[in-house]
Amino acid sequence: NKQSWPRETRSTCCYCGVGCGVIIESDVEHISGVRGDPAHPANFGKLCSKGSTLHLTARPEQRLLQPELRIGRADPRLPVDWDSALDHAAERFADIIATHGPDAVAFYISGQLLTEDYYVFNKLAKGLIGTNNVDSNSRLCMSSAVSAYKLTLGADAPPGCYDDIAHAGCVFIAGSNTAFAHPILFRRIEDARKANPKQKLIVVDPRRTDTAQAADLHLAIQPGSDVMLFNAMLHVMIWEGWCDEAYIAAHTENFAAVRQAVQAATPQVAAERCGISVADIVQAARWFASGPTLSLYCQGLNQSAHGTDKNATLINLHLATGQIGKPGAAPLSLTGQPNAMGGREVGGMANLLSGHRDLANPQHRAEVAALWSVPSIPERPGKTAVELFDALHCGEIKAVWIACTNPAHSLPDAQKVREALAHAEFVVVQEAFRDTDTVPFVDLLLPASTWGEKDGTVTNSERRISRVRAAVPPPGEARHDWQIAAEFGQRLAQRLGKSALLGYPDTETIFNEHRASTAKRDLDISGLSYALLEEAGPQQWPLPASANAGTARLYADGRYPTPSGKARFHAATDLPLAEDTDARYPLHLNTGRLRDQWHGMSRTGKTGRLFSHVDEPLLSMHTADMAERQLANGDIIEVTSRRGALVLRVSTSTEMSTGQAFLPMHWGEQFMRGLGANALIEGATDPHSKQPELKHAAVQVSKL
Ligand code: SF4
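Residues numbered from 1 in each chain as written. Predicted model: local features only at pLDDT ≥ 70, side-chain atom pairs only at ≥ 80, totals over all residues.

Named according to an unreviewed UniProt entry, the chain is Nitrate reductase originating from Ferriphaselus amnicola.

What follows concerns the domain arrangement of the chain. On domain assignment, one finds that the chain holds domain 1 (2-60), domain 2 (68-141 + 341-516), domain 3 (143-334) and domain 4 (587-703). Facing the 16 residues of domain 2 at the interface are 19 residues of domain 4. (Domains from an automatic or database assignment. Contact = placed C-beta atoms within 7 Å.)

Our focus in this paragraph is the sheet that holds strand E1 (residues 7-12). The three strands lie next to each other as E1-E2-E3, forming an open sheet whose pairing is antiparallel. In the strand order of this sheet, the two ends are held by E1 and strand E3 (31-36), each with one partner. Taking each pair of neighbouring strands and ignoring which way they run, the sheet shows an average axis angle of 25°. Strand direction decides the pairing type here: strand E2 (residues 21-26) and E3, joined by five bridges, are antiparallel. (Pairing = 2+ DSSP bridges. Helix = DSSP H or I, 4+ residues; strand = E, 2+ residues; numbered from the N terminus. Axes fitted to C-alpha atoms, helices over the stretch in contact; angles between N-to-C directions.)

With that settled, consider the site of the ligand. Near the ligand, the surroundings consist of 14 residues, among which Cys-13, Tyr-15, Cys-20, Cys-48 and Gly-51 are the closest. Split by residue class, the shell around the ligand holds nine nonpolar, four polar and one charged. Here the shell around the ligand spans two domains, since at least three of its residues come from each of domain 1 (2-60) and domain 3 (143-334). (Near = placed C-beta within 6 Å. Nonpolar A, V, L, I, M, F, W, Y, C, P; charged D, E, K, R; others polar.)

This part covers the packing of helix H3 (residues 143-152) against helix H14 (residues 307-321). With their axes 8 Å apart at the nearest point, H3 and H14 run at an angle of 50° to one another. Taken together, the axis directions place H3 and H14 in an arrangement best described as oblique. Between H3 and H14 lies a crossing of right-handed hand. Here Ser-144, Ala-145, Ser-147, Ala-148, Leu-151 and Thr-152 of H3 come into contact with H14, specifically with Gly-307, Thr-308, Asn-311, Ala-312 and Ile-315. Within the contact of H3 with H14, the residues separate by chemical class into five nonpolar, six polar and no charged. (Parallel < 35°, antiparallel > 145°, perpendicular 65-115°, else oblique. Left-handed = near helix turned anticlockwise from the far one by under 90°.)

This next bit is on helix H6 (residues 183-195). Taking 1.5 Å of rise per residue, 13 residues should cover 18 Å, and H6 covers 19 Å from first to last C-alpha, within 8% of that figure. Among the residues of H6, those classed as buried are Pro-183, Ile-184, Leu-185, Phe-186, Arg-188 and Ile-189. Where the residues of H6 are buried, they touch helix H4 (164-167), strand E8 (170-174), helix H5 (178-181), strand E9 (200-204) and helix H7 (210-213). (Expected span 1.5 Å × (residues − 1). Buried ≥ 20, exposed ≤ 12 C-beta atoms within 10 Å, placed from the backbone.)

Omega for the bond connecting Gly-291 with Pro-292 falls within 30 degrees of zero, at -15°, which places this linkage in the cis form. For Pro-292, the position within the fold is in the loop between helix H12 (278-290) and strand E12 (293-297). Residue Pro-542 is bonded to the preceding Trp-541 through a cis peptide linkage, with omega at 0°. In this structure, Pro-542 sits in the loop between strand E21 (539-540) and strand E22 (567-568). One non-glycine residue, Cys-404, lies in positive phi territory at about 65°.

Written out as structure tokens, the structure reads:
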């Protein structure tokens, strides 16, 4: 029907956790345009540079179009049909499981998968195979935010919402270059400040980023000194009588321990440690306590060997001042990826189970076993992301199945990760793109559908579930991620002599099973359906069967999902970075995102327009550090850490303080000598969350 083209399809942007609504324009097989969805409550029609160029990405010549298999490591990969590919995979997995047990295989999945994809992978690993070795690149993204929420507030639930930006008297951004990494949210902050010129913006960041330049107060702290800053702010609040004593008494516990812990964090001590002034610490504490205060925070807190402490000591400030559960007042972690939240909702990580249940809880394991009609869920903890690749490296894990992520680029200590992939007996990757850094290590490569071609749901940073819809069919023989996992699972079940658990006809059936698993849990979405999302648009959880709509803010009544019903203060003291600088490696390297690129650039790197902002990887340094090394703008340099070296060009930047350098995370080995930023990074992880310290390494820079 000629008159129905171009067709318009409502969907969601596949990049960051803001979760903007998009309208896709397409003809029969091609996406021809994209624009913001004016009806979507995350973005009201706006899109950033990445979202507005989505239609220019994922062209057929960049795509994987049919399965490819190599039998021997020295052989080339050759095209095979789907039946042969999946039979071969099932055979190899069944053999390894029979010889070495179920924990000899693992799945490494992605915060860019849809909730339904995640659900099937999780059930495949934990329900069918009987291993908890399923983890996600979300481990690299916000697992410390999750640990801190659970430790302090009792549940993995960001309490605030985007609407709080307009109600806040103070927006406190810590460890986030929101203007680059979550641009549409930053537009909302700019709008709120225009509407309310009295609103204060405080930014905590070692770099003077675009976000920091917009602030009323920029606290350019020394790398890793966040806990000292937050403890000092609480010290000031206690000393000045700015705490909400009634709220503390009625709704919290453990304040005495925290009062004790922050006693030594005087503004003078903190000023010395953080490298900022006493006056600025006091000013930040005053504005924060005056409120209503909304904290927005991301990888600067999360990607740290003490990320849970950083997150929790920031939440302490909200609890101490009662800045939570009311309009404009909440801690609100920003999700880096589009669906890290949805992945956790279905329990798609090594320590979780469906419906925000915990693997370590026997009752939760029994509940999920009953939901899935399996005898039991294994008790043995699964390997988290860094542990999983360490186990592959030492041979404890023999086979790994990777979906929609590029660990050879994104994990810390890139050289060790590549060695691990090379050591593995069998590596399967399902992927939309043919040229990621992980592809050369693959034995079986399976073509997957991607944004614009697949159906399901995602959850954004404010707990809002949105529909993702297909506008065009996948190209070539590409299949949907959940389909590939389910079809492999059916074949594997036959070989293992187990009942097939994964016979789903469509994503709605998967969603409905996931929904049933949330009943009476903190994220209860018993009242949500594809039909309601169609009629009423995106909804925030919880949305129980008894509710008419989702829930914008949590904890308005001061009751928390802890055993006592009270929030718990978390006492923590300042700890050193996992890897400190010394005479040999005297510079602090910080890594992060640019405005127009995404992750390892498998999608954004294909669009020329997105290189107009920054067109090559550059190491940014302070002029004084460059002068000390007799470096000029554009010089070729070698940056070295204890793990590796990169060769690229250097650039002076007014964003940098002395003693620090910054390198974008996006470029890999195709663009420099070396394996990209993560070749320099150590794999040290936070003890609670197991999230690695991707934001820091000690490095030296020298002229070539
Ligand atoms: Fe996409 Fe994030 Fe940009 Fe919105 S802000 S358009 S979700 S990349």
